[in-house]
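Residue-level listing of the chains:
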Amino acid sequence: MFDNYVAGLRGGLAAGLAVCLLLAYAGRGGRRTARVAVRAGAGVAAALALGLGHALTFGPQELTPRAREALGGILSLAAVALLTWVVLRNRHTVRHPAAGLRTGTAVLAAAAFLAVAREGPDTALFLWATVRAFGDGAHGPLAVVLLGLLTALVVVVALRLAAARPAPARFFRAAGVLLLLVAAGYLVDGVQALTEAELAGGPRRAAFDVGALVPPDSWYGAALEGAFGFRPAPTVLQVALWLLHLVPALLYVLRAPTPPTPRATADSVSDPSPFPDKATVPDQD
């Protein structure tokens, strides 16, 4: 039963974290149409995933594991490209937050769509499977999956509310780092999926194994995997691609200087009067 909760939590965080950060980006940019576009992209992807999952669960057709992995891998790599582009394109907002976003609403909507679409089919298939079990009399699995999804939603909403507090410059820097970490996790997931679909090769030897410290079937292991694609035993190829993607992008974003905080001058503090000094007033005699 706990596995169902972990699956719901992982799927919810995998889809929701990127959408939350994209909404925060659009909100800080002061563009209401961008926020609407992000919600629309995520909503369309969720609806399509639920529809596909229902058709594959209750219909005559099935999606082979290889086709499912191939689809997920391709969508993951596309999401990596768009999320990284959004962060790098808006690097200037760290220096000039009031300048707004340079990314178009179509790009933000597409990024939100891919963030949900890459994870949506697997989560939808699992959800519909529990619905079918519910119809057969097994009520517990569906309730536990929904509880996992609800937990992920609470985490995402809390993060969205917290994003409204930092100063704009610090926000864009922190949000950019988080989005790059999410994109790097998508890259690891995409490579894994394409390898399982036999569309990618490379060394499969594990670079390290911290499964004893972070069990993949634990709630925190699921949360890390869902949010950032963390795997306790990644392959050498996955680690290499993760570093090659993340390190240069982080250096580029973090090197953007933060604008100085405006300070009042000593004269303005000592003489707050809006009138000119007496020495500057001409003699009226």
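Given the structure is predicted, the values throughout are model-derived calculations rather than measurements. (Residues numbered from 1 in each chain as written. Predicted model: local features only at pLDDT ≥ 70, side-chain atom pairs only at ≥ 80, totals over all residues. Heavy atoms only, no water.)

A word on the environment of Arg173
1) Next: Turning to its location among the elements, Arg173 is positioned in helix α7 (residues 168-196).
2) Next: By relative accessible area, which is 21% here, Arg173 ends up partly exposed. (Helix = DSSP H or I, 4+ residues; strand = E, 2+ residues; numbered from the N terminus. Buried < 20%, exposed > 50% of the residue type's maximum accessible area, 1.4 Å probe, protein only.)

As for the side chain of Glu225
1) Next: As for its placement among the helices and strands, Glu225 is situated in helix α8 (residues 219-228).
2) Next: Classification of Glu225 by relative accessible area gives buried; the value is 17%.
3) Next: A distance of 3.2 Å separates polar atoms of two side chains, one belonging to Glu225 and the other to Arg10.
4) Next: Residues contacting Glu225, with those up to four places away along its chain left out, are Arg10, Phe230 and Arg231. (Polar contact = N/O pair within 3.5 Å; in protein donor to acceptor, adjacent residues only side chain to side chain. Contact = heavy atoms within 4.5 Å.)

As for the environment of Ala200
1) Next: Summarising the element assignment, Ala200 is placed in the loop between α7 and α8.
2) Next: Between the C-alpha atoms of Ala200 and Gly73, which are 127 residues apart in sequence, the distance is 10.0 Å.

Section: the packing of helix α3 (residues 65-89) against helix α9 (residues 236-254)
1) Next: It is the contact of α3 with α9, at a shortest axis distance of 10 Å, that shows an interaxial angle of 20°. The pairing of α3 with α9 is recorded here as roughly parallel in orientation. Like other packed secondary-structure pairs, α3 and α9 cross with a definite hand, here left-handed. Across from Val80, Thr84, Val87 and Leu88 in α3, the residues of α9 making contact are His245, Ala249, Tyr252 and Val253. (Axes fitted to C-alpha atoms, helices over the stretch in contact; angles between N-to-C directions. Parallel < 35°, antiparallel > 145°, perpendicular 65-115°, else oblique. Left-handed = near helix turned anticlockwise from the far one by under 90°.)

Some details on the nonpolar core
1) Next: Of all hydrophobic cores here, the largest spans 43 residues; its most connected members are Leu22, Leu83 and Tyr186.
2) Next: Of all the secondary structure elements, the ones that give two or more residues to this core are α1 (2-28), α2 (32-58), α3, α4 (105-117), α7 and α9.
3) Next: The element contributing the most residues to this core is α7, with 11 residues.
4) Next: Tyr5, Leu9, Leu13 and Val156 belong to the second largest nonpolar core, which has 8 residues in total. (Core = buried A, V, L, I, M, F, W, Y, C linked by side-chain atoms within 4.5 Å.)

Focus on the confidence of the model for the chain
1) Next: Of all residues in the chain, 79% attain a pLDDT of 70 or more, and the chain-wide mean is 79.
2) Next: When pLDDT is averaged over each element of the chain, α4 comes out on top at 91 and helix α10 (residues 266-270) at the bottom at 42.
3) Next: pLDDT under 50 marks residues 264-285. Its contacts with residues more than four places away, or in other chains, come to 2 contacts. (pLDDT = per-residue confidence, 0-100.)

Describing the pattern of salt bridges
1) Next: A complete count under the given rule lists 5 salt bridges for this structure.
2) Next: Note that Asp122 and Arg68 form a salt bridge whose closest N and O atoms lie 3.4 Å from each other. Of this pair, Asp122 sits in helix α5 (residues 120-135) while Arg68 sits in helix α3; the two residues are 54 residues apart in sequence, bridging distant segments of the chain.
3) Next: The exposure class of Asp122 is partly exposed, given its relative accessible area of 35%.
4) Next: In this structure Arg68 comes out as partly exposed when scored by relative accessible area, which is 31%.
5) Next: Within the structure, one salt-bridge network assembled from shared partners comprises Arg118, Glu119, Asp189 and Arg231. (Salt bridge = Lys/Arg side-chain N within 4 Å of Asp/Glu carboxyl O.)

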